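Observations on the model geometry
Chain by chain, the residues run as shown.
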Amino acid sequence: MRRLLPPLATTLVCVGAAVILSWPLATDPAGSVRETVLSPDASVGRWLPGHLAARIRAGQNPFQAPDLYWPDGFDLCGGLHNLGVDLLLVPLYLVFAPVLAYNVGSLLIALANAAAGWRLGRTLGQGRPEAAAASALVLGCSAFAWYEAMAGRHAQAFLAPMTLTLLGLWEITRGRSSGRTAVATGVALAVTGYCYWFYAAFIGLVAVPLALVATLPPRRQRWLTLAGTLVVALVLATPGVVPLLAAAASPDSIVRRGIEAGAGPFRADFSLHLTGLFWPAAWWDGPSARLPFVVEALVLSGLVLGALRRRAGFLPWLAGIAVILALGEHAGWYAHSPVEIRGHRVPLPLALGVRLPLLERFWWPSRLLALTWVGAAGVAAVAVSHPSRPRKRWLLAASIVSLVVLEGTLLLRQRDVPSQDRLLSRVEVPAFFEELGREPGRWPLLQLPFWTVNNCATFWVTWHRQPLDGGPGCQRTAFVPAATLRRVEADPVLSALRRLHEPDGEPPPGLDVAAGLRRLGYRYVLLWREPVIDGPLLTRRVVSLLGEPMHIEEAPFEVWDLETSLTASNPDARGRSAAGR
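Anyway, here's the lowdown on the structure attached to this text. (Residues numbered from 1 in each chain as written. Predicted model: local features only at pLDDT ≥ 70, side-chain atom pairs only at ≥ 80, totals over all residues. Heavy atoms only, no water.)

Description of the sheet that holds strand 12 (residues 557-561)
The strands making up a sheet are joined through hydrogen bonds of the backbone, oriented either antiparallel or parallel. Counted only if it meets this: Two strands qualify as a pair provided that DSSP identifies no fewer than 2 bridges between them. Secondary structure follows DSSP: runs of H or I at least 4 residues long count as helices, runs of E at least 2 residues long count as strands, and numbering of each begins at the N terminus. The criterion used for residue contact is that any of the two residues' heavy atoms lie within 4.5 Å. Every axis in this analysis is a line fitted to C-alpha atoms, fitted for helices over the stretch in contact. Angles between the N-to-C directions lie between 0 and 180 degrees.
Taken together, four strands build an open sheet; the order of strands is 10-9-11-12 and the sheet is mixed. Every other strand in the sheet has two partners, leaving strand 10 (468-469) and strand 12 as the edge strands with one partner each. As paired strands, strand 9 (residues 445-448) and strand 11 (residues 524-528) are joined by four bridges and run parallel to one another. Within strand 11, the position partnered with L448 by the bridge is L527. The strands touched by helix 22 (residues 431-438) are strand 9, strand 11 and strand 12; relative to strand 11, the strand with the most contacts, the crossing angle is about 155 degrees.

A word on the packing of helix 6 (residues 98-124) against helix 10 (residues 160-173)
In a pair of packed helices, the angle between the axes and the distance between the axes together describe the arrangement. What counts, and what does not: An angle below 35 degrees is read as roughly parallel, one above 145 as roughly antiparallel, one from 65 to 115 as roughly perpendicular, and any other as oblique. Each crossing gets its hand from how the near helix is turned against the far one by less than a right angle, where anticlockwise is left-handed and clockwise is right-handed. When residues are sorted by character, Ala, Val, Leu, Ile, Met, Phe, Trp, Tyr, Cys and Pro go into the nonpolar class, Asp, Glu, Lys and Arg into the charged class, and all the rest, Gly among them, into the polar class.
The contact between helix 6 and helix 10 brings their axes to 8 Å, and the two run at 15 degrees. In this view, helix 6 runs roughly parallel relative to helix 10, as classed from their interaxial angle. Considering the relative orientation of helix 6 and helix 10, their crossing is left-handed. Touching A112, N113, A116, G117, R119, L120, T123 and L124 of helix 6 are A160, T163, L164, L167, W170 and E171, all from helix 10. Here the residues of the contact of helix 6 with helix 10 are counted per class, giving eight nonpolar, four polar and two charged.

Digging into helix 12 (residues 197-214)
In an α-helix, one turn spans 3.6 residues; hence positions three or four apart end up facing the same way. The test is simple: Here a helix's expected span is defined as the number of its residues, less one, multiplied by 1.5 Å. What the bend at a residue measures is the angle between two axes, fitted to the seven residues ending there and to the seven starting there. When accessible area is computed with a 1.4 Å probe and restricted to protein chains, residues below 20% of their type maximum are described as buried, those above 50% as exposed, and intermediate ones as partly exposed.
Over its 18 residues, helix 12 runs 25 Å from end to end, which matches the ideal 26 Å to within 8%, given 1.5 Å per residue. Maximal helix bending in helix 12 amounts to about 35 degrees, located at G204. Among the residues of helix 12, those classed as buried are W197, F198, Y199, A200, F202, I203, V206, A207, V208, L210 and A211.

Digging into the nonpolar core
Stated precisely, the cut-off is as follows: Residue types Ala, Val, Leu, Ile, Met, Phe, Trp, Tyr and Cys, when buried and joined through side-chain atoms within 4.5 Å, form a set referred to as a nonpolar core.
Ranked by size, the top nonpolar core spans 154 residues in total, and within it L166, W460 and L517 carry the most contacts. Counting residues per element, this core draws most heavily on helix 19 (residues 369-384), which supplies twelve residues. Leave out the neighbours within four places in its chain, and W460 touches V37, L38, V427, E428, V429, P430, F433 and W528.

This is the structure we're talking about:
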């Protein structure tokens with residue numbers, strides 16, 4: 001029983017820290033989220049596990065979404081790729097309502113990170129529970145991971161498989177080479193790739209070369225174990241990698257067009273802000289691109305002091321290199337402001353890395369900080385295990401964790417939009433969507449404006465369960481399926497609506513939009529109130545085409561019933577419409 005006390009106490013502390021870091025979410029976990037409901041990533045991230053659960057419950061292919069980009073449908077494997085975490089969370093959505101399931105999932109991901117950190121700290125800290133607790137809580141209370149989870153990105157928040165992979169590589173470099181180590185590390189690496197394939201790419205780009213260097217001079221058994229690890233990972237990842245590479249070869253694929261978008265003008269330069277306490281200004285890039293003081297101190301101590309007699313191995317170097325790569329392609333004073341000398345931007349090492357296959361689509365350098373957090377957790381374990389007395393070890397562990405939670409809490413409240421909605425957003429399901437969810441039959445919805453940020457309100461499909469001409473990639477046309485792009489451009493009505501929000505997007509005279517949309521099978525048109533678009537102009541144009549919208553109180557959209565619009569514009573059709581009901 002005494003042996004169970006440290007891990008149980010660590011778990012309780014991690015839960016308490018989770019409440020603090022996500023506060024005030026604990027006051028209403030079943031009905032609120034820590035991000036605006038219509039944020040694009042949050043919308044898709046909260047919809048996806050529920051979709052997988054519903055399709056599995058119905059005995060249907062979970063990787064197909066026939067009701068998105070209706071009537072074309074959407075291939076999740078070809079468009080989203082990172083489905084591992086969402087599949088792991090499916091049981092929650094079979095038991096809980098969607099909002100509660102998502103919030104519980106965020107907590108379980110933090111606990112999984114902590115569990116992986118416990119094993120990392122236990123191994124690097126010579127079995128001392130104080131070292132294991134410090135490492136566990138550094139990862140379980142990571143502001144980086146919590147920010148990603150609350151923004152709808154569970155895949156990026158899930159650090160556990162990466163942590164186990166790096167621990168396996170550390171064990172190999174320390175001479176703990178065996179077939180079991182190779183299999184376990186290879187499985188962890190494959191799981192990392194299925195959860196977020198960029199994390200697996202980071203390991204291949206940074207960690208594996210460091211592990212090779214750490215085994216010099218060449219030692220046959222260690223290199224064989226490392227080769228076995230890569231073989232196991234490749235075999236397990238092949239079912240996911242082969243379709244991804246095949247899709248990337250097609251010029252029409254979302255993968256290829258996404259790469260081209262990342263390499264084009266939509267590519268951005270980001271600068272890494274090294275701390276929230278020292279640099280409190282809330283730049284656009286947000287908490288995920290910030291490295292707290294305590295993490296900086298751990299990384300620096302590991303590099304300068306050799307991680308206390310080199311017991312941390314290559315992990316401090318991994319953490320330091322990740323910080324340098326996280327600075328982006330070019331040196332910058334702050335986000336979107338690169339340093340220039342005689343008109344030339346000052347390049348950083350990542351400028352070479354993004355020219356590697358598929359990494360050319362990588363436009364969020366700050367996510368390399370995931371490696372830094374794991375490296376810092378390893379250094380924390382080594383540092384805490386150094387004092388000879390248990391009391392000093394527990395005191396050092398408590399100090400490190402307290403700083404992590406304190407600074408993380410401050411970072412998570414430095415948001416780009418200073419609004420209470422960013423801290424706690426109540427999920428108020430529009431009554432119109434609830435009514436549609438209760439109606440038998442299928443009532444396809446067309447969202448306007450086409451392919452903009454708020455048109456990515458996929459989250460509400462969880463409630464209305466109707467076909468939707470929209471989906472996960474709506475905020476950028478590079479991620480809209482090619483078939484959908486061709487269908488919209490080929491139809492005169494959809495093509496006119498596609499440009500309706502543009503200044504010169506006045507539809508051609510004589511175009512019967514209501515009749516055209518009904519011919520295509522749509523029943524309702526939703527116009528989202530989009531702050532970045534000229535809303536009054538767009539509303540006037542839609543009203544001129546479809547008449548006055550239905551009156552729906554407190555809904556974030558206007559809605560038109562096309563059957564009503566059609567009969568209003570064509571009196572001869574009224575009798576037929578009434579008879580059809």
